[in-house]
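Chain by chain, the residues:
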Amino acid sequence: WVCWVCLVVLFDDPTEFKPNVLMIILHSINKGYSIRINTDKNSKSPKEYCFNYCDDTILEHMENEHLPPELLDLLDIAEPRLFYSGCVIAEIHDQVDEIPGRVYRLLLRPFNMVS
């Protein structure tokens, strides 16, 4: 399984292999947020799925470092594969924060793997 220290090291060394990540882009409150997933291995550009912040459970699951059940079907068909030992690395691009381009990374695990 992937530990947080390994995750930080993977992203800090530019000569190391970069794992595939689930990309979440946080936009302004009126625009919501989007998730980019490539589901076609022949396509170079990922599909973008847009969501509203209101009554949303996807971000709540991510805050708790859980895989959102609403996305499991999409995550399962992602090309290239996003799963590493049953976990997914999420890369959150904050477009709302006062520091533009800020990126956060989380390791999302199934409920039964949460310690």
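Relevant structure appears above.
Worth saying up front: this structure is predicted, and the values here are computed from it rather than measured.

**Student:** Just checking my understanding: could you explain the overall build of the protein for this structure?
**Tutor:** What the protein contains, in helices and strands, is three helices and six strands. Considering only intrachain contacts with a sequence separation of at least 6, the fraction spanning at least 24 residues in the protein is 48%. With the model as given, the accessible surface of the protein reaches about 7,200 Å², and the carbon-plus-sulfur share is 55%.

**Student:** Is there a simple way to think about unusual backbone geometry in this case?
**Tutor:** Among all residues except glycine, the phi angle is most often negative; among peptide bonds, the trans geometry is most common. Of note, the bond from Glu-79 into Pro-80 is cis; its omega dihedral lies within 30 degrees of zero at 0°. Mapped onto the elements, Pro-80 comes out in the loop between helix H3 (72-76) and strand S4 (83-84). Even without being glycine, Ser-85 reaches a positive phi, approximately 55°. Position of Ser-85 among the secondary structure elements: in the loop between S4 and strand S5 (87-94).

**Student:** Can you walk me through the pattern of salt bridges in this structure?
**Tutor:** Charged atoms that come close allow side chains of opposite charge to pair. Summed over all chains, the structure comprises four salt bridges. Here Arg-109 ties to Glu-65 by a salt bridge, and the two come within 3.1 Å at their closest N and O atoms. Residue Arg-109 is found in the segment after strand S6 (102-108), and its partner Glu-65 is found in the loop between helix H2 (58-63) and H3; the two are separated by 44 residues along the sequence.

**Student:** Would you take a moment to explain the layout of surface pockets for this structure?
**Tutor:** Approximately 240 Å³ is the volume attributed to the largest pocket. Surrounding the largest pocket, 14 residues form its lining, Asn-20, Val-21, Arg-36, Pro-80 and Leu-82 being those nearest its centre. By residue class, the composition of the lining of the largest pocket is nine nonpolar, two polar and three charged.

**Student:** Explanation requested: the packing of aromatic side chains in the structure shown.
**Tutor:** Geometry of an aromatic ring pair is reported as the spacing of the ring centres plus the angle between the planes. The final tally for this structure, using the stated rule, is two aromatic pairs. Between Tyr-33 and Phe-51, the ring centres sit 5.3 Å apart and the planes meet at 20°, which makes this aromatic pair stacked. One end of the pair, Tyr-33, is in strand S2 (residues 33-37); the other, Phe-51, is in strand S3 (residues 47-51), with 18 residues separating them in the sequence. What makes Phe-51 partly exposed here is its relative accessible area of 23%. A ring pair is formed by Tyr-33 and Tyr-53, whose centres lie 5.6 Å apart and whose planes are at 35°; its orientation type is tilted. On the criterion of sequence distance, the pair formed by Tyr-33 in strand S2 and Tyr-53 in the loop between S3 and H2 is long-range, its members being 20 residues apart. Among the residues examined, Tyr-53 registers a relative accessible area of 23% and is labelled partly exposed.

Rules and cut-offs
Residues numbered from 1 in each chain as written. Predicted model: local features only at pLDDT ≥ 70, side-chain atom pairs only at ≥ 80, totals over all residues. Heavy atoms only, no water. Helix = DSSP H or I, 4+ residues; strand = E, 2+ residues; numbered from the N terminus. Contact = heavy atoms within 4.5 Å. Areas by Shrake-Rupley, 256 points an atom, 1.4 Å probe, with all protein chains shown as cover. Salt bridge = Lys/Arg side-chain N within 4 Å of Asp/Glu carboxyl O. 1 Å grid on protein atoms, 1.4 Å probe; cavity = no way out; pocket = protein on both sides within 12 Å on 5 of 7 lines; lining within 4 Å. Points joined across faces, edges and corners; volume = space filled by probe spheres on them. Nonpolar A, V, L, I, M, F, W, Y, C, P; charged D, E, K, R; others polar. Phe/Tyr/Trp six-rings, centres within 6.5 Å; stacked < 30°, edge-to-face > 60°. Buried < 20%, exposed > 50% of the residue type's maximum accessible area, 1.4 Å probe, protein only.

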